[in-house]
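Inside the fold
Residue-level listing of the chains:
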Amino acid sequence: MSALEKKSLVGMDREALQDCFRDLGVPEKALRMRASQVWNWIYTRGASNIDDLTTLSKDLRAGLAERFTLARPEIIEQQISEDGTRKWLIRFGPGVEAETVFIPDDRRGTLCISAQVGCTLNCSFCHTGTQNLVRNLTAGEIISQFLIARDALEEWPDFQDKEEKGKRPRKITNIVMMGMGEPLYNFDNVRDALLTFADSDGFAISKRRITLSTSGVVPEIGRMGAETGVMLAISLHGVRDEVRDTLVPINRKYPIKELMQACRDYPGLSNARRITFEYVMLKGINDSIADAKALVRLLAKIPSKINLIPFNPWPGSNYECSDWAQIEKFAEVINRAGYASPIRT
Ligand code: SF4
């Protein structure tokens, strides 16, 4: 079997891993143990080569390696900015490329992960919205973005180092599904990946540090919350349907009123588990003081945080970023209503 035809073990759940060993003739009573060994190698130790799985016999490794792989997808480009932000362009197959971004901030490090290549939605302020959907990423491909970031940040614990004892300060502390695509249109793969990120025998990222951002696929919002328990972010960007219909066209299908109801019903919502509302600042479109007041009214009974995002123009975009003075005035209204530091720089 050629390297390209081999299936990745990354993203398989424990049942699927057991099936791999069953096919190799491993006795039934040893399957669970074997699956959890592989799980541990992938998600605790960062193994990227089946031959490194030294708790398995040589024969077992050879059998696995004939059909499966742990190789990472290819990194086509890596950019590192002065502030430590890193961006990777990753190729998952011919013409299937997506971005992953790591943003360090004081003691926090957030990894922004893509769910799809391209997007079916056409949010008018978004560059990804101009690209057609290529395909959904598999759970393994979503998880691989995390593995690649951990490799590059040298975050895997060194189990040989006696001082370290397999513990190393984390650089990636938070995950946001906020990269390319609409995660709720790739429900099963995103759910499986999120549950893997939170699994206590692996990355063990607290569900309160994992956020899924949606443009507002109302019927799936509560289901994702119930099945994963992660935090929710909404790409809001408009407080009136006529404005939001243009900025985030899925609003025509699920208008603001329905979206807000889905937010109020979000499982586990409380002051400790607030919903983040993303609001891109577009000059003359959604940045008036009346809009700011309407935003405060709209979120009045929802435990929430607001992120005002200065618009970053891209070639061909039809919008301008609001003037800084206007962003500050807008933020002041939000601040006075009790939301702390709402501007994301
Ligand atoms: Fe862009 Fe997200 Fe809208 Fe897709 S859903 S067009 S990725 S903002």
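Now for a quick tour of the structure. (Residues numbered from 1 in each chain as written. Predicted model: local features only at pLDDT ≥ 70, side-chain atom pairs only at ≥ 80, totals over all residues. Heavy atoms only, no water.)

1. Here we look at the pattern of salt bridges
Going by this rule: The working definition used for a salt bridge is a side-chain nitrogen of Lys or Arg within 4 Å of a carboxyl oxygen of Asp or Glu. For the exposure calls, accessible area comes from a 1.4 Å probe over protein chains only, and a residue counts as buried if that area is under 20% of its type's maximum, exposed if over 50%, partly exposed in between.
This structure, assessed with the given rule, holds 20 salt bridges. A salt bridge links D192 to R191; the shortest N-O distance between them is 3.1 Å. The class for D192 is partly exposed, based on a relative accessible area of 32%. Salt bridges sharing common partners tie together D188, R191, D192, E220, R223 and E227.

2. Points about the environment of I256
Quick note on the threshold: The helix count covers DSSP runs of H or I at least four residues long, the strand count covers runs of E at least two residues long, and both are numbered beginning at the N terminus. In what follows, residue pairs with any heavy atoms lying within 4.5 Å of each other are defined as contacts.
As for its placement among the helices and strands, I256 is situated in helix α8 (residues 256–264). A residue is classified by how much of its surface remains accessible, and I256, at 5% relative accessible area, is buried. C-alpha separation for the pair I256 and D245, spaced 11 residues apart in sequence, amounts to 9.4 Å. Not counting residues up to four positions away in its chain, the partners in contact with I256 are G238, V239, R240, D241, R244, N251 and L298.

3. Some points on the sheet that holds strand β13 (residues 304–310)
Let me state the cut-off plainly: Strands pair, by our definition, only if DSSP identifies at least two bridges between them. All axes here are fitted lines through C-alpha atoms, helices being fitted over the stretch that makes contact, and every angle between N-to-C directions spans 0 to 180 degrees.
Spatially, β3-β4-β5-β6-β9-β10-β11-β12-β13 is the arrangement adopted by the 9 strands of the open sheet, whose pairing is mixed. In this open sheet, the two strands that pair with only one neighbour each are β3 (74–80) and β13. Strand-to-strand twist across the sheet, computed as the mean angle between neighbouring axes with direction ignored, equals 20°. Both strand β9 (residues 174–177) and strand β10 (residues 210–214) contribute to a ladder of 3 bridges, which runs parallel. Paired with V176 across the strands is T211, a residue of β10. The sheet strands contacting helix α4 (residues 139–152) are β3, β4 (86–93), β5 (96–105), β6 (108–113) and β9, and the helix crosses β4 at an angle near 135°.

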